[in-house]
Amino acid sequence: MGIQFKNVGYAYKGFKKSYDAIKNIDLSIEAQKEFIAIVGHTGSGKSTLVQHMNALLLPNEGHVIVFGQQLPPKKSEKINYLRQKVGLVFQFPEYQLFEETIIKDIMFGPKNFKETAGHALESAKKAATIVGIDESLYEQSPFRISGGQMRRVAVAGILAMEPEILVLDEPTRGLDPKGRTDLMEIFKEIHEKENKTIILITHDMDLVSEYAKRIIVLSDGHIVFDGKKEALFAHPDFNSYHLDYPTPLKILKHLEETIGLPFEPKYDFSSLLEYLKEAKHE
Amino acid sequence: MIKIEGVSFSYNRQDDALTDVTLEIKKGSWTSILGHNGSGKSTLSKLMVGLLSPSKGHITIDGLMLNENNLSQIRKKIGIVFQNPDNQFVGVTVKHDIAFGLENQCIPHDEIVKKIMQYAKLVNMEEFLDKEPHQLSGGQKQRVAIAGALAMEQDILILDEATSMLDPEGTLEIIELIKHLNKHLNKTIITITHDLSFAAQSDHLIVLKDGKVILEGLPEEVFQEEELLKSSHLELPFELGLYNEIKRQKPDDKKLLEALWAYNSKM
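Quantities reported herein were computed from a predicted structural model and do not represent experimental measurements. (Residues numbered from 1 in each chain as written. Chains lettered and ligands numbered in written order. Predicted model: local features only at pLDDT ≥ 70, side-chain atom pairs only at ≥ 80, totals over all residues.)

Q: So what about the overall build of chain A? Which residues, and what values?
A: Check the secondary structure of chain A and you find eleven helices and ten strands. The C-alpha radius of gyration of chain A comes to 20 Å, within 12% of the 19 Å expected for a compact globule of 282 residues. Principal-axis analysis of the C-alpha atoms gives chain A an extent of 65 × 50 × 35 Å. Every one of the 282 residues in chain A was classed for burial, and the buried ones make up 43%. Of all intrachain contacts in chain A linking residues separated by at least 6 positions in sequence, the fraction that spans at least 24 positions is 65%. (Helix = DSSP H or I, 4+ residues; strand = E, 2+ residues; numbered from the N terminus. Rg over C-alpha atoms; globule rule 2.2 N^0.38 Å. Buried ≥ 20, exposed ≤ 12 C-beta atoms within 10 Å, placed from the backbone. Contact = placed C-beta atoms within 7 Å.)

What follows is the structure in structure tokens.
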């Protein structure tokens, strides 16, 4: 088991009162081979939830167990190493670039953990290759490249730490369509080739539909759905989750209503196209 | 009407960010300027408001030549809202932020208060006047920025990637507001974007690639040029790409094509 939540609650302490961000969370995530999307409204607790996965936040209630380490920890236990095990890419990670050169920036993470410090440069180069940052850029300033490239450098900084699980908070927001597809394909490849578990927070239901296998829906700090993608979109309560249907399903629904084309769920462009080429209708 | 004639611009005197751009933007229209990152679309918007001046060619707005002497008059005609809602929130609270431009014009206090109310209402933020920026969502901050620009009462408003940092809900809020400004208040709207579904809703599209205009026309016309768009790193919205692909591979299925097209226009 990679990550386990047992009746977890977390409240942010305000000036006068505290605000429950997540409540009664029970969740199990395998260390490998999962591709999970976490969806829900702004303020539903998505970011709070994932920050527990590498001990950036410690639960007020219940326990989180990450690779065998229980959180909150007993006083003497060191938990920093969990940040290496579970790599978290924040929203707009390019705002956190700071080094003089691109390669130094990518190396910063691995230099700080004993598992990766010995071969930080090597890991950084490998990570740069994965995200498609060319060797000729290594010595350039990370501030003199395009926004899409900066995003990749920031992602490479996390990959270079060789995490077991990769958590991505809105990784494609603000990128142009090509940049969005390219980045998602990188994550897909990491998932498929290295069997890494990927946890993705996003508002983009088309990305969810195309890439995720399992979906967790948060509403008001609670998990209201946790299961396979196919089950979510067919769920009788779907409308109560206030989520949008992905475009392929919306189109299929429209075609069923207008020309009686039989509805058969498809989750991405190419499978929908294949289906429409063959499908019979009125 | 904005007339851009033979405009070139270079940041470093070597490579042109824009090369020989000639365009017209009609009064009362909603025009989208599309292009990949680095295509020159933001440079063009900065030239139109006089934040940069062209190295060649000239720009006229309602017949008035854009140059240093006319700048204060030009600024009365055209305003701009930028991409990042956090970088352009200058007030301590919503009402101070909307007031910022007005105060700089030395407008009497009573009138400023009146205008703050009027424009906060227009963007649906009248209940948030005393809120501080950290208490607002991205979409709300962006609406405040738009209210601040609208309070200057210019006829033309440029929105430079004004939705690209927002979530889908925030984006919808802004689109609804743009439509209202354009249809009911007759504002000329220019949106700078790389999002084709967003651009599909405007009247007129201009596509830039490497600093040059490569396509121009109605959304329907521009979206036919799939290869050219792809070569400019722009991707057709899912539904339009599907329509084009079916048209290519199953051209005889008129009913399916019709139904798909109806879906597109419903969007």
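Q: Before we move on, can you summarise the overall build of chain B with the specific residues and values?
A: Broken down by element type, chain B carries eleven helices and ten strands. Its C-alpha atoms give chain B a radius of gyration of 20 Å, within 12% of the compact-globule value 18 Å for 267 residues. Referenced to the eigenvectors of the C-alpha coordinate spread, the extents of chain B come out at roughly 65 × 45 × 30 Å. Scored against the burial criterion, the 267 residues of chain B give a buried share of 44%. Long-range contacts, defined as pairs at least 24 residues apart, comprise 64% of the intrachain contacts of chain B with a sequence gap of at least 6.

Q: Could you give an account of the sheet that holds strand S2 (residues 16-25) of chain B, naming the residues involved and the relevant values?
A: All names here are of chain B. Read from one edge to the other, the open sheet built from four strands follows the order S2-S1-S4-S5, with strand pairing classed as antiparallel. Here the strands that pair on one side only, and so sit at the sheet edges, are S2 and strand S5 (64-65). In the sheet, strand S1 (residues 2-10) pairs with strand S4 (residues 56-61) via five bridges, with the strands oriented antiparallel. Bridge assignment links Ile 4 to a residue of S4, and that residue is Ile 59. (Pairing = 2+ DSSP bridges.)

Q: Tell me about the domain arrangement of chain A, and please be specific about residues and values.
A: Residue and element names in this part refer to chain A. On domain assignment, one finds that chain A holds domain 1 (1-79 + 210-244) and domain 2 (245-282). On a C-alpha basis, the centres of domain 1 and domain 2 stand 33 Å from each other. Taken together, the contact between domain 1 and domain 2 spans five residues of the former and five residues of the latter. Looking at the side of domain 1 that touches domain 2, the element that brings in the most residues is helix H9 (residues 229-233), giving three residues. Here the residues of the side of domain 1 that touches domain 2 are counted per class, giving one nonpolar, no polar and four charged. (Domains from an automatic or database assignment. Nonpolar A, V, L, I, M, F, W, Y, C, P; charged D, E, K, R; others polar.)

Q: Let's hear about the nonpolar core: which residues, and what values?
A: The nonpolar side chains of a soluble globular protein tend to be buried with one another. Judged by nonpolar contacts, the single largest core of 82 residues is most densely connected at B:Leu34, B:Ile98, B:Ala147 and B:Ile158. If you look at the next biggest cluster of nonpolar residues, it comprises 66 residues, including A:Ile29, A:Ile36, A:Val39 and A:Ile106. (Core = buried A, V, L, I, M, F, W, Y, C linked by C-beta atoms within 7 Å.)

Q: Which residues make up the interface of chain B and chain A, and what values go with them?
A: When the parts of a complex come together, some accessible area is lost, and that lost area is often taken as the interface size. At the interface, 25 residues of chain B touch 23 residues of chain A. For the side of chain B that touches chain A, the secondary structure elements donating two or more residues are helix H10 (238-249) and helix H11 (254-266) of chain B. No other element matches the seven residues that H10(B) contributes to the side of chain B that touches chain A. Split by residue class, the side of chain B that touches chain A holds ten nonpolar, nine polar and six charged.

Q: Before we move on, can you summarise the packing of helix H3 (residues 94-104) of chain B against helix H4 (residues 109-122) of chain B with the specific residues and values?
A: Each packed pair of helices is defined by two parameters, the angle between the axes and the distance between the axes. Residues and elements named next belong to chain B. At their nearest, the axes of H3 and H4 sit 10 Å apart, and the two run at 120° to each other. The orientation of H3 relative to H4 falls into the category oblique. Judged by the sense of rotation from one axis to the other, the crossing of H3 with H4 is right-handed. Note on element contacts: H4 touches H3 through Ile 112, Lys 115, Ile 116, Tyr 119 and Ala 120, opposite Val 94, Lys 95, Ile 98, Ala 99, Leu 102 and Glu 103. In the contact of H3 with H4, the residues fall into eight nonpolar, no polar and three charged. (Axes fitted to C-alpha atoms, helices over the stretch in contact; angles between N-to-C directions. Parallel < 35°, antiparallel > 145°, perpendicular 65-115°, else oblique. Left-handed = near helix turned anticlockwise from the far one by under 90°.)

Q: Tell me about unusual backbone geometry, residues and numbers included.
A: In the segment running from A:Leu71 into A:Pro72, the intervening peptide bond is cis, with an omega of -5°. Within the element layout of this structure, A:Pro72 appears in the loop between strand S5 (69-71) and helix H2 (82-85). Notably, A:Glu170 is not glycine yet its phi reads approximately 50°, a positive angle. In this fold, A:Glu170 is placed in the loop between strand S7 (165-169) and helix H7 (177-194). With a phi close to 45°, B:Asp210 is a non-glycine residue in the positive phi region. Position of B:Asp210 among the secondary structure elements: in the loop between strand S9 (204-209) and strand S10 (212-217).

Q: I'd like a description of the sheet that holds strand S8 (residues 197-201) of chain A, backed by residues and values.
A: Within a sheet, neighbouring strands are paired by backbone hydrogen bonds and run either parallel or antiparallel to one another. Residue and element names in this part refer to chain A. Across the sheet, which stays open at both edges, the six strands sit in the order S6-S7-S8-S3-S9-S10 with mixed pairing between neighbours. Across the chains shown, the open sheet's two edge strands, defined by having one partner strand only, are strand S6 (86-89) and strand S10 (222-228). Looking at each pair of strands side by side, their axes are set apart by 15° on average, direction ignored. Sheet topology places strand S9 (residues 214-219) next to S10; six bridges connect them, and they run antiparallel. Of the residues in S10, the one forming a bridge with Arg 214 is Lys 228.

Q: Break down helix H1 (residues 41-48) of chain B for me, citing the residues and quoting the values.
A: One full turn of an α-helix is made of 3.6 residues, so residues set three or four places apart face in the same direction. Residue and element names in this part refer to chain B. For H1, the tally of buried residues reaches seven of eight residues, placing the bulk of the element in the interior. Those residues of H1 not exposed but buried are Lys 41, Ser 42, Thr 43, Leu 44, Ser 45, Leu 47 and Met 48. Positive phi shows up at Gly 50, right after H1, with a value of about 75°.

Q: Give me the confidence of the model for chain B: which residues, what numbers.
A: Residue and element names in this part refer to chain B. Per-chain confidence: chain B averages 89 in pLDDT, with 99% of residues scoring 70 or above. Looking at the elements of chain B, mean pLDDT is at its lowest for helix H7 (residues 196-199), recorded as 84, and at its highest for S1, recorded as 95. For this predicted complex, the interface score ipTM comes out at 0.81, alongside a pTM of 0.78. (pLDDT = per-residue confidence, 0-100.)

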